[in-house]
Amino acid sequence: MTAGRAFGRMVGAAWILVRNDALLPRELDALYPPSISTLAKTLRLFAGRGARSGRPGERLARSLEGMGPVAIKLGQLLSTRGDFFGREFAEDLSRLKDRLPPFATAEARAEVERALGRSVESLYAEFGEPIAAASLAQAHEAKMLDGRKVAVKVLRPGIERRVAEDAEGLTLAARLIDRWIPPARRLEPRAFAETVIRATVLELDLRLEAAGADELREVMANDGYMTAPQIVWEGVGKRVLTMEWARGWPLSDADALIQPGLDRKAMADNLIRAFLAQALDHGVFHADLHEGNLFAAAPAQLTAVDFGIIGRIGAPERRYLAEILWGFLERDYERVARVHFDAGYVPRHHSVTAFAQALRAVGEPVFGRAATEVPMSRVLMQLFEITALYEMRLRPELVLLQKTMMTVEGVARRIFPHHDIWGAADPVVRRWMARELSPAARIKRFAEEAATALRNIARLVEDPPARVAVEVGGVNRERSPLLWFAVGALASGAAFLAALYLR
Ligand SMILES: Nc1ncnc2c1ncn2[C@@H]1O[C@H](COP(=O)(O)OP(=O)(O)O)[C@@H](O)[C@H]1O
Ligand SMILES: [Mg+2]
């Protein structure tokens, strides 16, 4: 694509933002330097009716909604940066809707045939009208030849080109922002634009979504707090995804919560536990658990659909999270503080006890009031705010987790109004602590770490740095001083680890 087209896209997007007063919003007037302030006032002469109502986050969400998939992904990712834009702005932005008029069923059928290389009739007994349409894809109701009811997700025709064009516009905008608006550099606009584009492009391959759904289905099956529809692999291609129809009603549907035989408390418990068990026990979680993606069936069964966004957290972060939740459940702030230092999140020159005091400020209000009033996501958010004072660098996965937790808690409270989130979480966190911190688990982890250390040392001996290699020589390697050094290091390392784990 030519630079001219990218420029055109960018200007078009900027115009929509200006019309909604979402580019340089009036609420921030006090912060602009004089030159920008003049520009902002000039641009506001062009503002339309959309500029009059709503907070800046709402106006930005409204502007982005119509701009296409890259803009929508941009909004979704910006809404995870409450640390940068403030909490209210992030929350307003996170209500951005991804809904568009559907494309024709005939076009969808043609896409399916192209993608799977076979006729629609050879796979489906019925292929119905669209039930929901978004910027990248739409979903149809269908029936397999064997009678199973399924949902078929089909990418919009020509969507790849559209995404490529918008991506160029966004890349250009990010370059200009980086060059001309120094305060925005803290957000790393170019890297951010790349993240947005990459996230959108990954959603353009429905085979990846099928794989994500399949993986999470397995994970969920471990404890049954939640299920996911079975993927129908013969109906999966880059542009098509077929899965079994989810049981029950979407929670976004008013009928969902008036089904006979529903146990609303058990359902809310299931939701919280499902989310925490995915994240803590398996390090992978459904990161888009809003009401439209959750199906409810009596008495308390939840089925999740839409696996476009999956969060992953590594073993150290899982441990960190479990210990934090545990620390708050047990009101052991010293412990939570130590976890931050041990994980290397807080630089050593800070005081553990002063940090523990700050944590108490987050934790005590939770237990002073009914636990139902204090969302876990808010505690995590405040924790992240405090840790910022202690130069803690947050891993983006934890931010995604906190944001998903906020959604999940909102849904849980709408299922069962006075839901006790901390009480629901307790068994999952307790189970994790019992398993991971049992003597057997410590010894196992110690053995694994010792084995890794041994392998690293062996590699060093096998393939020593060049200068040492000369000294060590070829045949004498086994009796070389380096080896004795390695053995000594290993032994003291092992003793140290043992002391650490078995204390
Ligand atoms: N397996 C399914 N069973 C029943 N309905 C489904 C299923 N998958 C999707 N849907 C319906 O289609 C809608 C859109 O599908 P989804 O995967 O959420 O796409 P999007 O990424 O556009 O949100 C869902 O909100 C849900 O109502
Ligand atoms: Mg969805």
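For the structure itself, look to the data block above.
## Structural notes on the packing of helix 11 (residues 264-282) against helix 12 (residues 315-330)
Remark: helix 11 packs on helix 12, axes separated minimally by 8 Å, with the N-to-C direction vectors making an angle of 130°. The orientation of helix 11 relative to helix 12 falls into the category oblique. Contacts between helix 11 and helix 12 involve Leu 276, Ala 279, Leu 280, Asp 281 and His 282 from the first element and Arg 318, Leu 321, Ala 322 and Leu 325 from the second. Looking at the contact of helix 11 with helix 12 residue by residue, the class counts come to six nonpolar, one polar and two charged.

## As for the pairing of strand 4 (residues 240-244)
Across the five residues of strand 4, four count as buried, placing the element largely inside the fold. Bridge count for strand 3 (residues 149-155) against strand 4 is five bridges, and the pairing is antiparallel. From the neighbouring strand, Val 154 faces strand 4, where its bridge partner is Val 240.

## Quick notes on the site of ligand 1
Of all residues adjacent to ligand 1, which total 17 residues, the nearest are Lys 153, Glu 244, Ala 246, Asn 293 and Asp 306. Here an oxygen atom of ligand 1 sits 2.8 Å away from a polar atom, N or O, in the side chain of Lys 153. In the complex, 88% of the free accessible area of ligand 1, which totals 540 Å², lies under the protein chains. Those elements giving two or more residues to the shell around ligand 1 turn out to be strand 1 (124-133), strand 3 and strand 4. For the shell around ligand 1, the domains that each give at least three residues are domain 2 (104-156 + 205-245) and domain 3 (246-437).

## Re the packing of aromatic side chains
All chains considered together, the criterion is met by six aromatic pairs. Between Phe 85 and Phe 89 the ring centres are 5.2 Å apart and the planes differ by 35°, which places this aromatic pair in the tilted class. On the basis of relative accessible area, Phe 89 is assigned to the buried category, the value being 18%. Both rings, one in Phe 328 and one in Tyr 333, keep their centres 6.0 Å apart while their planes meet at 65°; by these two values the pair is edge-to-face. Given a relative accessible area of 1%, Phe 328 falls into the buried group.

## Some details on the packing of helix 12 against helix 13 (residues 333-342)
Packing of helix 12 against helix 13 brings their axes to within 8 Å, and their N-to-C directions diverge by 165°. What the angle tells us is that helix 12 and helix 13 run roughly antiparallel. Two packed elements cross with a definite hand, and for helix 12 against helix 13 that hand is left-handed. On helix 13, the residues that touch Tyr 320, Glu 323, Ile 324, Trp 326, Gly 327 and Phe 328 of helix 12 are Tyr 333, Arg 335, Val 336, Val 339 and His 340. The residue makeup of the contact of helix 12 with helix 13, split by class, is seven nonpolar, two polar and two charged.

## Let's talk about the nonpolar core
Of all hydrophobic cores here, the largest spans 111 residues; its most connected members are Met 226, Leu 251, Leu 271, Leu 276, Phe 328 and Leu 401. Ranked by residue count, the leading element in this core is helix 11, at 10 residues. Met 226 has contacts with Met 220, Leu 271, Ala 274, Gln 278, Leu 289, Leu 294, Leu 302 and Ala 304, leaving out every residue within four places of it along the chain. Counting residues in each nonpolar core, the second largest holds 15 residues, with Val 120, Leu 123, Ala 142 and Val 240 among its members.

## Examining the side chain of His 286
Of note, His 286 is situated in strand 6 (residues 284-286). According to the relative accessible area criterion, His 286 is buried, its value standing at 0%. A polar contact is formed between the side chain of His 286 and the backbone nitrogen of Asp 288, at a distance of 3.1 Å. Here Asp 306 takes part through its backbone oxygen, which lies 2.9 Å from a polar atom of the side chain of His 286. The residues contacting His 286, other than those within four sequence positions of it, are Leu 216, Gln 278, Ala 304, Val 305, Asp 306, Phe 307, Ile 309 and Thr 404.

## Some remarks on the sheet that holds strand 3
Paired through their backbone hydrogen bonds, the strands of a sheet run either parallel or antiparallel. With antiparallel pairing, the four strands of this open sheet are ordered in space as 1-2-3-4. Taken across any chain shown, the strands that pair with only one partner, and hence form the sheet edges, are strand 1 and strand 4. For this sheet the average axis-to-axis angle between neighbouring strands, irrespective of direction, equals 25°. Of the pairings in the sheet, the one linking strand 2 (residues 137-144) to strand 3 comprises seven bridges and is antiparallel in character. Within the sheet, the bridge partner assigned to His 140 lies in strand 3 and is Val 152. Against the sheet, helix 10 (residues 206-221) touches strand 3 and strand 4, its axis set at about 25° to strand 4.

## Thoughts on the coordination of the magnesium ion (ligand 2)
Coordination of the magnesium ion (ligand 2) by the protein comes from Asn 293 (OD1) and Asp 306 (OD), over a distance range of 2.2 Å. Within this pair, whereas Asn 293 is found in the loop between strand 6 and strand 7 (294-297), its partner Asp 306 is found in the loop between strand 8 (301-304) and strand 9 (310-312), the two being separated by 13 residues in sequence. Residue class for Asp 306 comes out partly exposed when judged on its relative accessible area of 21%.

## Brief notes about helix 6 (residues 87-94)
For helix 6, the set of buried residues is Phe 89, Ala 90, Asp 92 and Leu 93. In a view along the axis of helix 6, the buried residues occupy a sector of 165°, so they form one face of it. In this fold, the buried residues of helix 6 make contact with helix 3 (56-65), helix 4 (69-78) and helix 5 (82-85).

## Some points on the pattern of salt bridges
The full count for this structure, using the stated rule, is 41 salt bridges. The salt bridge involving Glu 323 is made with Arg 319; its shortest N-O contact spans 3.3 Å. Taken together, the residues Glu 323 and Arg 319, both in helix 12 and four residues apart, mark about one turn of the helix. Accessibility expressed as a relative area gives 30% for Arg 319, which makes it partly exposed. In the salt-bridge network here, residues are joined through shared partners; they are Arg 5, Arg 9, Arg 161, Arg 162, Glu 165 and Asp 166.

Parameters at a glance
- Residues numbered from 1 in each chain as written.
- Chains lettered and ligands numbered in written order.
- Predicted model: local features only at pLDDT ≥ 70, side-chain atom pairs only at ≥ 80, totals over all residues.
- Heavy atoms only, no water.
- Axes fitted to C-alpha atoms, helices over the stretch in contact; angles between N-to-C directions.
- Helix = DSSP H or I, 4+ residues; strand = E, 2+ residues; numbered from the N terminus.
- Parallel < 35°, antiparallel > 145°, perpendicular 65-115°, else oblique.
- Contact = heavy atoms within 4.5 Å.
- Nonpolar A, V, L, I, M, F, W, Y, C, P; charged D, E, K, R; others polar.
- Buried < 20%, exposed > 50% of the residue type's maximum accessible area, 1.4 Å probe, protein only.
- Pairing = 2+ DSSP bridges.
- Near = heavy atom within 4 Å.
- Polar contact = N/O pair within 3.5 Å; in protein donor to acceptor, adjacent residues only side chain to side chain.
- Areas by Shrake-Rupley, 256 points an atom, 1.4 Å probe, with all protein chains shown as cover.
- Domains from an automatic or database assignment.
- Phe/Tyr/Trp six-rings, centres within 6.5 Å; stacked < 30°, edge-to-face > 60°.
- Left-handed = near helix turned anticlockwise from the far one by under 90°.
- Core = buried A, V, L, I, M, F, W, Y, C linked by side-chain atoms within 4.5 Å.
- Donors = N, O, S within 2.8 Å, 3.2 Å for Na, K, Ca; no water.
- Arc of directions from axis to C-beta.
- Salt bridge = Lys/Arg side-chain N within 4 Å of Asp/Glu carboxyl O.

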